[in-house]
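Observations on the three-dimensional arrangement
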Amino acid sequence: MIRKVRSHINQDEPLLVERSSPGKKGYQLPPLDVPAVDPRAALGPDNVRDEIAGFPEVSEVEVIRHYTRLSTWNYAIDLGVYPLGSCTMKYNPRVNEFVARLDGLALAHPYQPEAVAQGAMRIQVELERALAEITGMPAVTLQPAAGAHGELTGILLIRALLESRGNPRRKVLIPDSAHGTNPATAAIAGYQVESIPSNAEGMIDLGELDRRVDDSVAALMVTNPNTLGVFERDITLAARLLHERGAMLYMDGANMNALVGIARPGDFGVDVMHLNLHKTFSTPHGGGGPGGGPVAVTREFEPFLPLPRIAGDGLLRYDYDRPQSIGRVRAFYGNFGVLVRALAYILAHGGDGLRNATLDAVLNANYVRRGLEGCYEVPYAAPSLHECVLSDKRQAALGVRTGDIAKRLIDYGFHPYTVSFPLIVHGALMIEPTETEDKRELDLFIDALRSIAEEVRDNPETVRTAPHNTRVRRVDEVAAARKPVVRWKPAAS
Amino acid sequence: MRYLPKSNAERREMLDSLGLATLEDLFAHLPDEVRLKRPLDLAPGISEYEIIDYFRARAAENDGGFASFLGAGAYYHYRPVIIDAIVQRGEFLTAYTPYQPEISQGTLTAIFEFQTMLCQLTGMDVCNASMYDGSTALPEAVMMACRVTGRTRAVVARSVHPEYREVHRTYARYQGLPVVEAPWNRETGLVDLPALEALVDDQTAAVVVQSPNFFGCVEPVREAARIAHARGALLVVMFTEAVSLGLLEPPADADIVAGELQSFAISPSYGGPYVGVMAAKEKYIRQMPGRLVGQTTDAGGQRAYCLTLATREQHIRRERATSNICTNQALIALMATVFMSVYGKQGLRELAEQNLAKAHYLAAQLEKLVEKRGARLRFSGPFFNEFVVDCGGRDPAEINRRLLGDKIIGGLELGRFEPDLSGCLLLCATETARRETMDRLVNRF
Amino acid sequence: MYPEDLLYTKEHEWIRVEGGMGTIGITFHAQKELGDIVYVELPKVGAAVAAGKTLGSVESVKAVSDIYAPVSGEVTAVNDALASAPEKLNEDPHGAAWLVQVRLTDPGELQGLLNAAAYQSYVSEETGH
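Residues numbered from 1 in each chain as written. Chains lettered and ligands numbered in written order. Predicted model: local features only at pLDDT ≥ 70, side-chain atom pairs only at ≥ 80, totals over all residues. Heavy atoms only, no water.

Residue and element names in this part refer to chain B. Ordered in space as 11-12-15-14, the 4 strands form an open sheet in which the pairing is antiparallel. Either end of the sheet is taken by a strand with one partner, and the two such strands are strand 11 (376-377) and strand 14 (412-413). Pairing of strand 11 with strand 12 (residues 386-390), which is carried by 2 bridges, proceeds in the antiparallel orientation. What sits directly across from Arg376, in strand 12, is Asp390. (Pairing = 2+ DSSP bridges. Helix = DSSP H or I, 4+ residues; strand = E, 2+ residues; numbered from the N terminus.)

So this is what it looks like as structure tokens:
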């Protein structure tokens, strides 16, 4: 039974350009206080464009209406639980938005003289220190713009260190349960990718590792907890094996929400890892980004970190004299506005608060798993941490798949979980509630999935053709891919 | 803790349902040797007011109340207040990547509009949903050109932003992609076309120029296109100052246009988060990195939008993906979309014309100093809202120190990037530069 | 289901041989596993293909599958109709939706391929029905 949502009238809205009419204005600039300049004279007649054909002309009122109406078509964390596995869709605190917009921070130019950038530099130093403490790894770079960017930085660091030791090696080992960015990243870093199968429990297979790690292997990339939400029990043994053979252990930190305050990757043998500020550290996803992908490393990698680094005690300064650095991975210093939000999050929690958040995250995931174990197959028996993975095996036997169940969940008023990932589970349902969910929301969520399991038995067609109650029904993704239309064009005259 | 919406009574209920005694029991299965056995060494959590105080103090250490004439890849523009009124809405701010199109039509529609407007501005046929920033868009554009042509070499003009070129070198090094750089002409400040032509061969995948370039000058894009195409290479045109798109002829001869849209989206914010653009000709669509939103219909025949051509991306093609990019800059792209909506067709033109007027006024005033102080415009190439001033033998750092005392942040000391230009400053004047401030700068120069 | 005049591979390609020329495609099973096909990537005329190596790929919305050449040869024709109508692969995989034609360089390679009956039982084993 659908309990959490009811129908409501919801505004339609065309594309802004379809509201456009020549001469409508949404802006006003102050008058020029200097002489106007003829563009053709100043730039050369061939360098000046005609009008921007097809561009909208609308008033301010239409801009507000347009985007407000669009916003009402979205689901969001602010509306309810967003149980996407490994995405850590937790509450985005609003004080973070406020402080990121303070003039002294928002209006600071990256090339502002260091003497008048001390505040921005101090924020970076404080965040680096906090992340070092959280990860148990002494050095941190804040340059990478997102997790995948951090992965690339991390693998380049490994490459640089190994090169300095005489042999960068050829291959990176990646578990078959890994997120797609891992192999894509390794390829950009110039490494061959070798997929390593998980064992029967869905974890690192030490026997396989032993067989495959030789001096052609630069690193093993792991996620811990892995994409099943399960702690890699043999991680310290794996780290030891790799280190004995001169290889490195890279950790994808996407699932850090299970570990903060409980265990530190630096303590269990990780050499290089990235963090996702837009996951563990609450910075808002905003429909797909921005994010932040800081990289934490052990002492031996420190000389290779992207430049510049921040040095100095009282007066901070940028240190560009780093001959072994891998170079820059982006212009300027990092997604500074995202760094501010992440630091605000850490300050709000403090050490104990961060640990308590982890406890609640793991409690919530286990509570959901318990609530659903009766109706959905649990593919791996190992205890879950901050996320749980179920399988659609029972429902598939009745002709309904995880993708259909996900769509039906929308009718119940929830955003779906992660569908069909990790690939090692047949028809996966990957659920991560995060710590910022209350019990009532979790109970409604469990209720909804139980109800859907019943519908699969009694009325599978309803599930297979869901969603039914959204303003847009199931979208034809096949047509979108066969004949891509990726921009609006004026009607042919 | 105010972000944790459970009472201890509820935690107790939940633990009971799991048959556990305490929250710690949830971690009992972890190997003992991995457990952190002490609290994290971080200060205790603080209240909202204390958080604000902390960041206000940091903001004050950055000092405020300066007029700034810095550009060089990050620009000061009036930012319509309506942008934040829209992007601060929880439905935009706290939404995820629109993988479930039925409940993400807000995000998807806005991205489709972004893609459309960027095509209209750049003269390209397709544009993706954003890259991290302009600097990473450069290596991604080159990698795309390599995929399209099957070649590996890139020829990059040295008049492209130096930090962008550094980023490109980092990306190119380990993929076996050789990079050569073409010099700029000492007179004009533009890329040296004969030198460029000599460097392009039939192993060149991409020729890269930036317009307006790092020195603010408008590059001869058509000639660069001719040179590139004559050898079967693609032309990549970068931009760092998006406002220029309102006035400059779009590079229709380019194969890929990539750059930085910060000017439309967000204040300089000490370097990020910004928003990168990647746009290209239609035939290259399947080699584009990043997300793409496409138009389609739903089961009821209504127009709807969804992410499309996902088989290019990492979550499907893994090590053979067009890029490893996953999270992009969607919210910042939305800010830019609102900006473009507010200004519209006329506004972007007027905005660009104001920028042109302000910068040319400042340049003209500084040129008048040539007799008294030896200062002069360094390059003869046409410029938009940035230009290089030769300080006539005086120390640019000294000039900037004097200006700082007058609450003015002067131009970028170019010696930091170009030893040949160590006596020069790169100055930027946008629509935000007031005449009296510019006069004051000239007086104290 | 599977035409008798074709030979098959374990990677679910088929080949029809006439004289020294082979017409290559993917099987009914392959297109069914993929679901709605949205795009096909094929080599150019004149390209060389090698037995067991990829000659292209076929895409659905959520997956990409490599196509492996059953035999070595030179591509003499490519089915251009698939560029604008990839759905033909779902409709008529053994006939109108052929992918490429090649001139065989080593007819001996045909020995290693499966006939219709062998392929049918291979598919039944793989899928359990």
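Right, picking up where we left off after that structure.
With that settled, the discussion passes to the domain arrangement of chain A. Residues and elements named next belong to chain A. When the domains of chain A are assigned, the result is domain 1 (16-73), domain 2 (94-347) and domain 3 (357-480). Of note, the centres of domain 2 and domain 3, computed from C-alpha atoms alone, are 31 Å apart. Between domain 2 and domain 3, the residue contacts involve 23 residues of the former and 20 residues of the latter. Approximately 1500 Å² of surface area, both sides summed, lies buried where domain 2 meets domain 3, with 63% of it carried by carbon and sulfur atoms. The three residues of domain 2 that bury the most area against domain 3 are Thr227, Leu228 and Asn257, which together make up 36% of that side's buried surface. Where domain 2 touches domain 3, the interface holds 0 salt bridges. Summed over the shared surface of domain 2 and domain 3, the result is 5 residue pairs in polar contact (both at pLDDT 80 or more). In terms of residue class, the side of domain 2 that touches domain 3 is built from 12 nonpolar, 9 polar and 2 charged. (Domains from an automatic or database assignment. Contact = heavy atoms within 4.5 Å. Buried area = accessible area lost by both parts, 1.4 Å probe. Salt bridge = Lys/Arg side-chain N within 4 Å of Asp/Glu carboxyl O. Polar contact = N/O pair within 3.5 Å; in protein donor to acceptor, adjacent residues only side chain to side chain. Nonpolar A, V, L, I, M, F, W, Y, C, P; charged D, E, K, R; others polar.)

Right, let's get into the interface of chain C and chain B. On the side of chain B, 6 residues touch chain C, which itself brings 11 residues to the contact. Summing both partners gives a buried area of about 590 Å² for chain C against chain B, and 45% of it is carried by carbon and sulfur. Where chain C touches chain B, the interface holds 3 salt bridges. With its nearest N and O atoms 3.7 Å apart, the salt bridge here joins Glu59 of chain C to Arg286 of chain B.

All names here are of chain B. Relative to the 16 Å expected for 12 residues at 1.5 Å per residue, helix 7 (residues 162-173) spans 16 Å between its end C-alpha atoms, a close match to the ideal helical length. For helix 7, a buried count of 9 out of 12 residues is recorded, marking the element as mostly surrounded by other parts of the structure. Among all positions in helix 7, only Pro162, Glu163, Tyr164, Arg165, Val167, His168, Thr170, Tyr171 and Ala172 are buried. (Expected span 1.5 Å × (residues − 1). Buried < 20%, exposed > 50% of the residue type's maximum accessible area, 1.4 Å probe, protein only.)

Here the focus is the domain arrangement of chain B. Residue and element names in this part refer to chain B. The assigned domain composition of chain B is domain 1 (67-78 + 346-444) and domain 2 (82-339). Relative placement of domain 1 and domain 2: their C-alpha centres are 28 Å apart. For the pairing of domain 1 and domain 2, the buried interface totals around 2600 Å² over both sides, and the portion due to carbon and sulfur atoms is 64%. It is Tyr75, Phe379 and Phe384 in domain 1 that bury the most area against domain 2; as a group they hold 22% of the surface buried on that side. For Asp420, the salt bridge identified is with Arg186, shortest N-O distance 3.2 Å. In this assembly, domain 1 and domain 2 are joined by 13 residue pairs in polar contact (both at pLDDT 80 or more). Among the elements of the structure, helix 12 (330-367) and strand 12 are those that each provide at least two residues to the side of domain 1 that touches domain 2. A per-element tally of the side of domain 1 that touches domain 2 places helix 12 first, with 7 residues. Split by residue class, the side of domain 1 that touches domain 2 holds 20 nonpolar, 6 polar and 7 charged.

In this section: helix 6 (residues 118-135) of chain A. Taking 1.5 Å of rise per residue, 18 residues should cover 26 Å, and helix 6 of chain A covers 26 Å from first to last C-alpha, within 8% of that figure. In terms of burial, helix 6 of chain A is a largely internal element, 15 of the 18 residues being buried.

It is worth spelling out the pattern of salt bridges at this point. Under the counting rule described, the total for this entry stands at 74 salt bridges over all chains. Between Glu61 of chain B and Arg58 of chain B there is a salt bridge, with the nearest N and O atoms lying 2.6 Å from each other. One end of the pair, Glu61 of chain B, and the other, Arg58 of chain B, are both in helix 2 (residues 48-61), 3 residues apart, so they sit about a helical turn from each other. Judged by relative accessible area, Glu61 of chain B falls into the partly exposed class, the value being 27%. For Arg58 of chain B, a relative accessible area of 10% gives the class buried. The network of salt bridges with common partners includes Glu13, Arg19, Lys24, Glu62 and Arg69 of chain A.

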